[in-house]
Amino acid sequence: MLTKQLASEWAKYNINVNSIAPTFTRTEQVAQYLNNKEFYEGLVNRIPLGRVCETIDLVGAALLFASPASDFITGQILFVDGGVTACQ
């Protein structure tokens, strides 16, 4: 909701506000979970693409929102989740 609220308030200043919402992404912060075989398999089984997000998977989304290609996009949340949201 913060994304939508800020997008609504800041549009008059020509400021776009969008968000990237990844699934579990392989970083040091979640390494303990992803190194747990049982947890990892349960997680990956729920992701249609069959793997966790890598940091490189977020680059395209960030580049889109930082580029002129998104000049008329505001208040949106881009789920980079391997299809999890599509299945819910």
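This text goes with the structure placed above it.
Predicted, not measured: the structure shown is a model, and the values here were computed from it.

Draft legend 1. Region of the structure containing the overall build of the protein. In terms of regular secondary structure, the protein is built from four helices and two strands. N-terminal to C-terminal, the α/β element order of the protein is α-β-α-α-α-β. A compact globule built from 88 residues should have a C-alpha radius of gyration of about 12 Å, whereas the protein, at 16 Å, is more than 25% larger. Across the 88 residues that make up the protein, the buried fraction comes to 23%. Counting only contacts in the protein whose residues sit at least 6 apart along the sequence, the fraction spanning at least 24 positions is 65%.

Draft legend 2. Main features of the packing of aromatic side chains. In the structure shown here, the tally under the stated rule is three aromatic pairs. Between F24 and Y33 the ring centres are 6.4 Å apart and the planes differ by 75°, which places this aromatic pair in the edge-to-face class. On the accessibility criterion, F24 (27% relative accessible area) is partly exposed. Three or more aromatic residues joined by ring pairs make a cluster, and in this case those are F24, Y33 and F39.

Draft legend 3. Representation of the side chain of T3. By the secondary structure assignment, T3 is in helix α1 (residues 2–10). Judged by relative accessible area, T3 falls into the buried class, the value being 11%. A distance of 2.3 Å separates the side chain of T3 from the side chain of S19, its partner in a polar contact. If we skip the residues at most four places from it in the chain, T3 touches V17, N18, S19, G75, Q76 and I77.

Draft legend 4. Highlighting unusual backbone geometry. Phi angles above zero are rare outside glycine, and N14 is one such case at about 60°. Looking at the secondary structure, you find N14 in the loop between α1 and β1 (19–22).

Draft legend 5. Structural view of the environment of Q88. Mapped onto the elements of the fold, Q88 is located in the segment after β2 (77–80). Judged by its relative accessible area of 78%, Q88 falls in the exposed class. Remark: the alpha-carbon pair of Q88 and Q5, spanning 83 residues in sequence, is separated by 24 Å.

Draft legend 6. Expanded view of a nonpolar patch on the surface. On the surface, W10, Y13 and I15 cluster together into a nonpolar patch covering about 320 Å² of accessible area. Positionally, W10 belongs in helix α1. Classification of W10 as partly exposed rests on a relative accessible area of 35%.

Draft legend 7. Highlighting the pattern of salt bridges. Applying the stated criterion to the full structure yields three salt bridges. Of the charged contacts, one joins E54 and R26 as a salt bridge, the two residues approaching to 3.0 Å between their closest N and O atoms. With E54 in the loop between α3 (37–46) and α4 (59–66) and R26 in the loop between β1 and α2 (31–34), the pair connects residues that are 28 residues apart, well separated along the chain. Among the residues examined, E54 registers a relative accessible area of 28% and is labelled partly exposed.

Criteria and cut-off values
Residues numbered from 1 in each chain as written. Predicted model: local features only at pLDDT ≥ 70, side-chain atom pairs only at ≥ 80, totals over all residues. Heavy atoms only, no water. Helix = DSSP H or I, 4+ residues; strand = E, 2+ residues; numbered from the N terminus. Rg over C-alpha atoms; globule rule 2.2 N^0.38 Å. Buried < 20%, exposed > 50% of the residue type's maximum accessible area, 1.4 Å probe, protein only. Contact = heavy atoms within 4.5 Å. Phe/Tyr/Trp six-rings, centres within 6.5 Å; stacked < 30°, edge-to-face > 60°. Polar contact = N/O pair within 3.5 Å; in protein donor to acceptor, adjacent residues only side chain to side chain. Patch = residues over 30% accessible without salt bridge, like charges linked within 9 Å, V, L, I, M, F, W, Y side chains within 5 Å. Areas by Shrake-Rupley, 256 points an atom, 1.4 Å probe, with all protein chains shown as cover. Salt bridge = Lys/Arg side-chain N within 4 Å of Asp/Glu carboxyl O.

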